[in-house]
Amino acid sequence: MSAAVSRRVTVVTAVHGPSARFLPDAHASLRGQRLPDGWEWEWLIQEDGGTDTVRPYVPDDERVTFRQGRPGGPGVARTIALAHARGTYVKVLDADDRLTAGALARDLAVLEADRTLGWTTSRVLDLLPDGSTAGFPGDPDEGPLERGTVLDRWKRDGFRAPVHPATLCVRRDLLTALGGWMALPASEDTGLLLALSAVSRGWFSAETGLLYRKWEGQATGQAAHVDPAERTARMAVAEARARALAEFGWTYPAGP
């Protein structure tokens, strides 16, 4: 890091073999980000496993670090990557997704301006196989998301979060205080989002921050992801964690 750079945002990506081919696109979207003076990004790519199929797609960039580990799902991969995070903030970027121009700068502007905000999210567009994009209704208005509002709406809307966890940018100390991502086979990012909502104010940006790729191999498109018994269990434990945090009264930032 040069003397002129004093702050960093850590981008964390979990990857497995089928999604590795999209890493160059994710990298291109990172290279296109323009950060405020004095800021830089680092990219931690963590393979969920130890195969030979991911490394060939890892970009040759000094800002990129690639590691492997025991398979345990994307939440485990992201959480173990936190051991090497040096940024003040942690930004999620799934291997098959792409950031839009200005996404990181918008996240930083919000979090740097208001210490009472613990995290940010943004509007998402689906990136379809033919290259076109599609949005969907129901986004909240741009602005702060008060404590508990994401959790309450998630429950009211049949376990559908009003903001997308794949767009999350969060203060690293808050993320580590909550233990990182949940130890679930899926919905680990939603579980983290609900916990964040239970203890801290967030922000929603109405400007599109992420292109969410739709493709045949994505984990959320597989039959196991919608198995009723597992889904019910995932939702139950994610909600229980968030409710308990809210009831305990621990908040970010801490009160006097």
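Residues numbered from 1 in each chain as written. Predicted model: local features only at pLDDT ≥ 70, side-chain atom pairs only at ≥ 80, totals over all residues. Heavy atoms only, no water.

1. Quick notes on the nonpolar core
Okay, step 1: Counting 35 residues, the largest nonpolar core has W119, V170, L174, L178 and L196 as the members making the most contacts within it.
Okay, step 2: Counting residues per element, the ones that place at least two in this core are β4 (89–92), α4 (149–156), α5 (172–177), α6 (188–199) and α7 (228–248).
Okay, step 3: Per-element tally for this core: the top contributor is α6, with seven residues.
Okay, step 4: Listed in part, the 31 residues of the second largest apolar core include V11, F66, L93 and Y212. (Core = buried A, V, L, I, M, F, W, Y, C linked by side-chain atoms within 4.5 Å. Buried < 20%, exposed > 50% of the residue type's maximum accessible area, 1.4 Å probe, protein only. Helix = DSSP H or I, 4+ residues; strand = E, 2+ residues; numbered from the N terminus.)

2. A look at helix α3 (residues 103–113)
Each full turn of the α-helix corresponds to 3.6 residues, which orients residues three or four apart in the same direction.
Okay, step 1: Burial in α3 covers these residues: A103, L104, D107, L108, V110 and L111. Buried residues of α3 fall within an arc of 165° about the axis and therefore sit on the same side. (Arc of directions from axis to C-beta.)

3. Regarding the packing of aromatic side chains
Okay, step 1: All told, the structure shown has three aromatic pairs when counted by the stated rule.
Okay, step 2: Between F22 and W215, the ring centres sit 4.9 Å apart and the planes meet at 65°, which makes this aromatic pair edge-to-face. Of the two residues, F22 sits in the loop between β1 (7–15) and α1 (23–31) while W215 sits in the loop between β10 (201–213) and α7, which places them 193 residues apart along the sequence.
Okay, step 3: Ring plane angle 20° and centroid distance 5.8 Å describe the contact between W39 and Y89, whose orientation is recorded as stacked. With W39 in strand β2 (residues 39–48) and Y89 in strand β4, this residue pair connects regions lying 50 residues apart in the sequence. As far as the burial class goes, W39 and Y89 line up, both buried. (Phe/Tyr/Trp six-rings, centres within 6.5 Å; stacked < 30°, edge-to-face > 60°.)

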